[in-house]
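# Summary of structural features
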Amino acid sequence: MNASSRTAPSAKPPLDDKPPPLCEGTPGYVNLDHAATTPALVVVKQAVEAALPYYGGVHRGSGLPSELSTELYQRCRLEVLQFLGGDALRHVVVFGRNTTDLINVLSHSIAFEPGDVVLVTGLEHHSNDLPWRRVARVVRVEADAQGGLSEDAVEACLKRHQGRVRLLAVTGASNVTGYMPDIGLLADLAHRYGAKIFVDAAQLVAHRSLRLVTGERELDFVAFSGHKMYAPFGSGALVGARESFEQRPPFASGGGTVSVVTPDRQSWLNAPHRQEAGTPNLLGAVALARACRALTSLDLRVVAERERTLTRRALRGLRAIPGLTLYGSPDLELRRDRVGIVPFNLQGVEHGEVAEALALDHGIGVRSGCFCAQPLVTRLLGRPELSSLEYLALTRSLRNQPDGRMPGMVRASLGLCTSEEDIDRLCRALAEIAADPRPSRRRDERRRQRRAEIARLIMGVFAP
Ligand SMILES: Cc1ncc(COP(=O)(O)O)c(C=O)c1O
């Protein structure tokens, strides 16, 4: 089914009385790669188009476009705060390029002392691990064999390093298994031991409602990317208490971050300006803010229920395929909530081969590899940690082989426009591949056709 003709049947339409299509999909293509990136919601595209004629320099001029753009940009911050239930007096929204960018911004906003610890988990995407290594001592709480996280293990670690843990940096949902740590409980634990909590919400906000403040409980920092929540216009948001962003010079400096500059001195502006060097991506912020509003009006509880039903369908369908191994929790009933991500491997067929067969022979887009989460994928595959010698050998061999592949898996990830038929098509395709894993005779021809189609579409982007 064409994604453009699909709607989420039980969800309220974001605009108008008659349900418009939620997203414009690629005809004939089943997108099961939402964890990587999502298409634009139609309302997001419309919002960008509405803002475009008035686009001007934010904070930069006196003409109507500039004045309007400055106000619009401010309004985008409020929309994001509202989406998360933040408090405009206490919280600031920092816009940036994406979650990775903003975790780097955050890591340089905290005034770490030598010996300070950032606790990360074995579930993290590289983007919520590597930036912390540059600014503090990183201690890891390992995932269990199925990619879950034990709160007891987190508490034991907080206790062991008590007094030195400044931050617990944890994902809101794993991009490999869909597992959702209990963020509320982890926030309580972090605070009990004098640490703050940062939630990498890149995989969460398009699937579940996330609140900065719930009663007495508060999340200190949250970041997410527009392109994973149907606003693929190069923006992301980082939210936290204002004072947390005003302790240090910014990660990136330049125009827009300063009040007074002399040849040898400068004084930094308050947050969020201090963190936003250069001309801001206004249209990206508009897209992201509009997506926040659309997701709220769709009602994320309805979205979540539908996604759970589809995820159960996928897990049952895949489990029935001979030679297919599912990773993550084996609980097909989803007694513990998870976002719609299903990782697997087919016995005897390399993960990249499976993804290629799905794409070329069946018109289904998934992702294969380690999903920028090598520690977790390695653990799920049951591989022992690399010794120093093995690490050196592997890095050397991959350096000489740009297309050299790490061990990995295949990931199908669901989104707002995923249908039951999409799931069934994936299951049928995998059953066929499992029954006969040899590349189809028409594979080369299809690859050529794909190249030609891509060239034609790119020409269309630049035409006339
Ligand atoms: C859990 C998680 N965190 C962070 C990121 C990085 O997001 P971005 O590439 O938008 O910076 C991703 C991307 O896949 C992710 O899944």
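Attention in this report is confined to the structure presented alongside it. Please read these numbers as outputs of a predicted model, since none were measured by experiment.

## Overview of the environment of Ser 174
Within the secondary structure, Ser 174 sits in the loop between β5 (165–171) and α6 (183–192). Residue Ser 174 is classed as buried on the basis of its relative accessible area, which comes to 0%. With 117 residues separating them along the chain, Ser 174 and Gly 57 place their C-alpha atoms 37 Å apart. Ser 174 has contacts with Leu 123, Tyr 179, Ile 341 and Leu 376, leaving out every residue within four places of it along the chain. In this structure the side chain of Ser 174 is engaged in a polar contact, spanning 3.0 Å, whose partner is the backbone nitrogen of Val 176.

## Looking at the packing of aromatic side chains
With the rule as written, the count across this model stands at four aromatic pairs. A ring pair is formed by Tyr 73 and Phe 95, whose centres lie 5.4 Å apart and whose planes are at 40°; its orientation type is tilted. Here Tyr 73 is found in helix α2 (residues 64–84), whereas its partner Phe 95 is found in strand β2 (residues 91–96), with 22 residues between them in sequence. Residue Phe 95 is classed as buried on the basis of its relative accessible area of 7%. Between the aromatic rings of Trp 132 and Phe 198, the centroid separation amounts to 6.2 Å while the plane-to-plane angle is 55°, which identifies the pairing as tilted. Of the two residues, Trp 132 is situated in helix α4 (residues 130–133) and Phe 198 in strand β6 (residues 196–200); the sequence distance between them amounts to 66 residues.

## Here's the deal with the pattern of salt bridges
Within the structure shown, the criterion is met by 29 salt bridges. With a shortest N-O distance of 3.8 Å, Asp 101 and Arg 97 are connected by a salt bridge. Between Glu 246 and Arg 242 there is a salt bridge, with the nearest N and O atoms lying 3.8 Å from each other. Judged by relative accessible area, which is 29%, Arg 242 ranks as partly exposed. By sharing partners, the salt bridges in this structure join Glu 356, Asp 361, Arg 443, Asp 444, Arg 446 and Arg 447 into a single network.

## Examining the sheet that holds strand β10 (residues 236–241)
Spatially, the seven strands line up as an open sheet ordered β2-β10-β9-β6-β5-β3-β4, and their pairing is mixed. Taken across any chain shown, the strands that pair with only one partner, and hence form the sheet edges, are β2 and β4 (137–141). Each neighbouring strand pair of the sheet contributes to a mean axis angle of 20°, computed without reference to strand direction. Where strand β3 (residues 117–121) lies against β5, four bridges are found, and the strand directions are parallel. Looking across to β5, one finds that Val 117 is bridged to Val 165. Against the sheet, α2 engages β2, β9 (221–225) and β10, with an angle of about 115° to β2. In the packing of helix α3 (residues 99–107) onto the sheet, the strands contacted are β2, β6, β9 and β10, and the crossing angle to β9 comes to about 155°.

## A look at a nonpolar patch on the surface
On the surface, a cluster of nonpolar side chains totalling about 440 Å² of accessible area is made up of Leu 386, Leu 389, Tyr 391 and Leu 392. You can see Leu 386 is positioned in the loop between α10 (374–380) and α11 (388–399). With a relative accessible area of 45%, Leu 386 lands in the partly exposed category.

What counts and what doesn't
- Residues numbered from 1 in each chain as written.
- Predicted model: local features only at pLDDT ≥ 70, side-chain atom pairs only at ≥ 80, totals over all residues.
- Heavy atoms only, no water.
- Helix = DSSP H or I, 4+ residues; strand = E, 2+ residues; numbered from the N terminus.
- Buried < 20%, exposed > 50% of the residue type's maximum accessible area, 1.4 Å probe, protein only.
- Contact = heavy atoms within 4.5 Å.
- Polar contact = N/O pair within 3.5 Å; in protein donor to acceptor, adjacent residues only side chain to side chain.
- Phe/Tyr/Trp six-rings, centres within 6.5 Å; stacked < 30°, edge-to-face > 60°.
- Salt bridge = Lys/Arg side-chain N within 4 Å of Asp/Glu carboxyl O.
- Pairing = 2+ DSSP bridges.
- Axes fitted to C-alpha atoms, helices over the stretch in contact; angles between N-to-C directions.
- Patch = residues over 30% accessible without salt bridge, like charges linked within 9 Å, V, L, I, M, F, W, Y side chains within 5 Å.
- Areas by Shrake-Rupley, 256 points an atom, 1.4 Å probe, with all protein chains shown as cover.

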